Amino acid sequence: MGPLNRLSKHLKKSKNKAENIEVSKMGVPLNIAATLEEDSYWMDRNSRVLLTYGMETMNKLLKLRVLIIGMKGIGIEAAKNLILAGPGSVTICDDEVVTFSDLGTNFFLSEQDIGKTTCAKASLSALKSLNPHVTVSLHTGNITRTLVAGHSCVLDCGLTMKEAKKWNRIARSNNVAYIKAQVHGLVGYTFVDFGKRFLVADKTGEEPIVRIIDSIHSSKTTSTYEELVIRIIPDKPHGLLEDKHEGWIKFQEVEGELGKILNNKGPFAIKHTTRMNEIGETVFDCHAVCVCIPKNLAKNKLPKYVSGGRILQCKNLEVMSFKSLETSIEQPIHEEAGFLWSLNMTGRSNQLHVALQAIWMYESVHGKMPTANDERAVEETLKYAIEINKAATEDKKFCVEELDDEVVSTLSRFAECRFQPLCCFFGGVVAQEVIKLTGKFTPLQQWMHIDAFEVLPEVLVDSVNFSDTFQVTKEDREPLGCRYDDIIKIIGRPLHAKLMQSKTFMVGSGALGCELLKNFALLGVACDSEGKGLVTVTDNDHVEISNLSRQFLFKEENYREPKSVAASLAVKKMNPDFMVKPMENLVSKETENVFNETFWQSQDFITNALDNVKAREYVDSQCVLYEKPLLESGTLGTKCNSQVIIPHQTSSYSDGPKESDDKIPQCTVRLYPSLIEHCIEWAKQNFDDLFKSSATKASKYLEDPLLWIKDVRSSNNADTLITVHKIIFQKTLSPEISFESCVKEAYNYFHIAFRDTIEALIRLHPQDEIDEEDGKLFWSGGRIFPRSATFDTGNNHHVDLLISMANILAVNYGLRESSNPIPPEHKWRQKKTVLDIVAKLKPPPLTKVEVKDDDETGAIKYI
């Protein structure tokens, strides 16, 4: 069975599971994620989403029912983002017939749709194909109370402000969240209303802080509580805030009688404490916190601390209250925020809020937004803004001290247009706000305003050739009756012609690459009719199932296809004029014969869509060498960064801030892992030792044995020789090589790693050993006394480790080609197969292990 057939089979199974999920009497799914968790296809597809949100949040997300009004610009972007994330259902509605200019922001429309169908109908099929687990439906006709009440959230991207106020009132009365977002030319805004009482379970989405306890002592006793000072090991600050939401901890694994009282109780509110510094000043103590332990937890005074333990941060529910749209327009500053949120300069949001009220007034009078570049409409809008601000000042409502006429004029001049980059940005913002309905992350409070006026200086300077300038006249902004009309009305034909003739080299076509390619195609970058522009995109990766939850240009049928090829074909369908050349080469010193001086010099600017620092630094070095502008960006979960790098004007990427060095000592990783990050690093190093480096060395030996032996002799590395000798013997000489022998090897490794090594460590440092340097127990602070393990067939972690190890070894030993992955239904990946083999095995005798307790290496040697 080929990979596509296997994919179709899993897809059909997961669809059936989604359709047969148990629901409550109200029709709400009870525990969707728990049901789908058993489906390997769903887990693989959503692995990155689950890593970001967690299973609990994912289960809440799967129950959301979202109504999206408006499929132009923000609406289609938000729909795409949400459907990829995976709510229960998405209903779209937009009865406006497709026009040419709609193709500039809705990437699922084509010229064949113009004048023949609506934006929603034309987008429906493509939206459905993004995620088979999401029910995507179309609503036609008027919005009704029943429609609104049947959803968890209304995302309004198309109603007038008068209509929005009405439906916001109805949504609030039905306990339905309401989000409004629109882009008017170079200004965008969003408004969020989650009702009178909304509960936030996790304001930041950051992993709970875990710190190792160094000591605990009592500092004060009253009739109702005993105050304890918890000091942590000083490898990093505690990072805890005195906060009603995040300022709580629980105790774990505290040894002795105190542990019996404290472990897994609480949570307890923390208080900051102080210490005396070297010159006798009282300063904040970043390595200690205080907690008050109620007397009812201990009959008498709390026992003394012996050793061990961790504190784990807990997060309490926080209640947030939201004002209605009508009220919030007049009083937009939320009490908890204290200011209007913006990415722009200080005070700009205040000006934008007044200016927006002016264009809403114009809309209510004329039934439409001001016509682009209509100076009479600009003057009328400015008049409204002055009147609104004056009235608000007199009524002591929200106002600005001095109205910025230029802000109002620029907003009004292009208000009817949709600026595609802003639509893309706000489509991401509002999709994330919908996801916040799960209680994870802090919702906007309640407005966000952003402008992009910087693209509109009277003289537009060409960043490639600084001597050239663009004089933009009113005639240059006249529409041409094409998909680019909105962008032409804003920046004019001369600059847009430069975009159409641009040449850029894009490195990477994953999640960011898909979005950037789509944006370039919609804006008309490299879409010149004479073929003068070109986007060259390279990526040596292939489409995997896990990519489908965030890289929207890929579908199931693209599985295992080169990413650059699949993405290029998909984006060409969005704009047939888009000139794109896909490549599959890495960008590095090794490929400078491909990406040579002539190639770099031919580019107007470079676009990074990479996922690692090393590659970014190399591309950045080439941009410095050839003096090319670089668009740099990256994502990490829900976080992101972007940087525009211009030769001779900004610092380069490599000149920017460096990541802090939080390298974990090897002794801690190899011998004393006590935190999750230690365990992850331990696993990564062992994976590399077992499956990667040893197999690579063996492969090099087989390619050229004499050269390899010469290199080993010159390096005097005996360990390498032993490792490779073992693999070569098993691969080429042993007639017993089989999946059964792979299971046996994994079984023996389990006992060496989790039994023999730990027993050797305990012999070296017994549980009651006293450290001669400080007189404390050796197993205290950052060291947790270990316990050895024997393989348990009833322990899923033990069995899963054996299955994974045996399958990787089978590929390494050539029992299965690495280009032909072992599918989930294969017998080698079944518990029964592996346990049947284990049943014939006996625990191996203890391996003699020599442990070197060294801070630099933490060496373990098997004898």
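All figures in this text were calculated on a predicted structure; none of them were measured in a lab.

## Considering the packing of helix α15 (residues 420–435) against helix α18 (residues 511–523)
Then, in step 1: At a minimum axis separation of 10 Å, α15 and α18 run at an interaxial angle of 150°. The hand of the α15/α18 crossing is right-handed. On α18, the residues that touch Gln420, Pro421 and Cys424 of α15 are Glu515, Lys518, Asn519, Leu522 and Leu523.
Then, in step 2: For the contact of α15 with α18, the per-class residue count stands at 4 nonpolar, 2 polar and 2 charged.

## Points about the pairing of strand β2 (residues 89–93)
On a regular strand, each side chain points to the face opposite its neighbour's, so the side chains alternate between the two faces of the sheet.
Then, in step 1: With 5 of 5 residues buried, β2 is to be regarded as a mostly interior element.
Then, in step 2: Here β2 shows a buried face lined by Ser89, Thr91 and Cys93 and a second buried face lined by Val90 and Ile92.
Then, in step 3: Pairing analysis gives 5 bridges linking strand β1 (residues 65–69) to β2, with the strands arranged parallel. Bridge pairing links Ile68 to Ile92 in β2.
Then, in step 4: At this point the chain moves from β1, through helix α6 (residues 74–85), to the parallel β2, and the crossover so formed is right-handed.
Then, in step 5: Sheet topology note: the β2/strand β3 (residues 135–138) ladder contains 4 bridges and is parallel. When the sheet's bridge partners are listed, Ile92 is paired in β3 with Leu138.
Then, in step 6: Where the polypeptide runs from β2 across helix α7 (residues 119–130) and back to β3, its parallel neighbour, the crossover connection is right-handed.

## Points about the side chain of Lys80
Then, in step 1: For Lys80, the location among the structural elements is in helix α6.
Then, in step 2: Overall, Lys80 belongs to the buried group, its relative accessible area being 1%.

## Structural notes on the sheet that holds strand β16 (residues 447–451)
Then, in step 1: On the basis of which strands lie adjacent, the open sheet formed by 8 strands has the order β3-β2-β1-β4-β5-β6-β16-β15 and mixed pairing. The outermost strands of the open sheet, each flanked by one partner alone, are β3 and β15 (341–342).
Then, in step 2: Where helix α9 (residues 161–173) meets the sheet, it contacts β4 (153–156), β5 (177–184) and β6 (187–193), and its direction lies at approximately 165° from that of β5.

## Observations regarding helix α21 (residues 613–626)
Then, in step 1: For α21, which comprises 14 residues, the first-to-last C-alpha distance of 20 Å matches the rise-based estimate of 20 Å (1.5 Å per residue) to within 8%.
Then, in step 2: All buried positions along α21 are accounted for by Ala615, Arg616, Tyr618, Val619, Asp620, Gln622, Cys623 and Tyr626.
Then, in step 3: In this structure Asn612 caps α21, since a side-chain oxygen of it lies 3.4 Å from the backbone nitrogen of Lys614.
Then, in step 4: Taken from the residues just after α21, Glu627 is the one with a positive phi, measuring 55°.

## A closer look at the sheet that holds strand β22 (residues 605–608)
Then, in step 1: Strands sit in the order β21-β20-β19-β22-β23-β24 across an open sheet of 6 strands; the sheet is mixed. Strand pairing shows two members of the sheet lacking a second neighbour, β21 (580–583) and β24 (639–645), which therefore form its edges. Strand-to-strand, the axes of this sheet are offset by a mean angle of 15°, without reference to chain direction.
Then, in step 2: Where β22 and strand β23 (residues 630–636) come together, 2 bridges link them in parallel fashion. In the strand pairing of β23, Ile606 is matched with Leu630.
Then, in step 3: Contacts from α18 reach β19 (503–507), β20 (534–538), β22 and β23 within the one sheet, and its direction differs from that of β19 by about 160°.
Then, in step 4: Sheet strands touched by helix α19 (residues 563–574): β20 and β21. Its angle to β21, the strand with the most contacts, is close to 160°.

## Notes on empty space enclosed by the protein
Then, in step 1: Inspection of every chain in the model, using the stated rule, returns 3 cavities of 30 Å³ or more.
Then, in step 2: Its volume calculated, the largest cavity comes out at about 80 Å³.
Then, in step 3: As for the largest cavity, its lining consists of Ser101, Gly104, Thr105, Arg418, Gln420, Arg483, Tyr484, Asp486, Ile487, Leu522 and Leu523.
Then, in step 4: If you list the elements that add at least two residues to the lining of the largest cavity, you get α16 (485–491) and α18.
Then, in step 5: For the lining of the largest cavity, the per-class residue count stands at 4 nonpolar, 4 polar and 3 charged.

Criteria and cut-off values
- Residues numbered from 1 in each chain as written.
- Predicted model: local features only at pLDDT ≥ 70, side-chain atom pairs only at ≥ 80, totals over all residues.
- Heavy atoms only, no water.
- Axes fitted to C-alpha atoms, helices over the stretch in contact; angles between N-to-C directions.
- Helix = DSSP H or I, 4+ residues; strand = E, 2+ residues; numbered from the N terminus.
- Left-handed = near helix turned anticlockwise from the far one by under 90°.
- Contact = heavy atoms within 4.5 Å.
- Nonpolar A, V, L, I, M, F, W, Y, C, P; charged D, E, K, R; others polar.
- Buried < 20%, exposed > 50% of the residue type's maximum accessible area, 1.4 Å probe, protein only.
- Pairing = 2+ DSSP bridges.
- Right-handed = clockwise from strand over helix to strand, strands pointing away.
- Expected span 1.5 Å × (residues − 1).
- Polar contact = N/O pair within 3.5 Å; in protein donor to acceptor, adjacent residues only side chain to side chain.
- 1 Å grid on protein atoms, 1.4 Å probe; cavity = no way out; pocket = protein on both sides within 12 Å on 5 of 7 lines; lining within 4 Å.
- Points joined across faces, edges and corners; volume = space filled by probe spheres on them.

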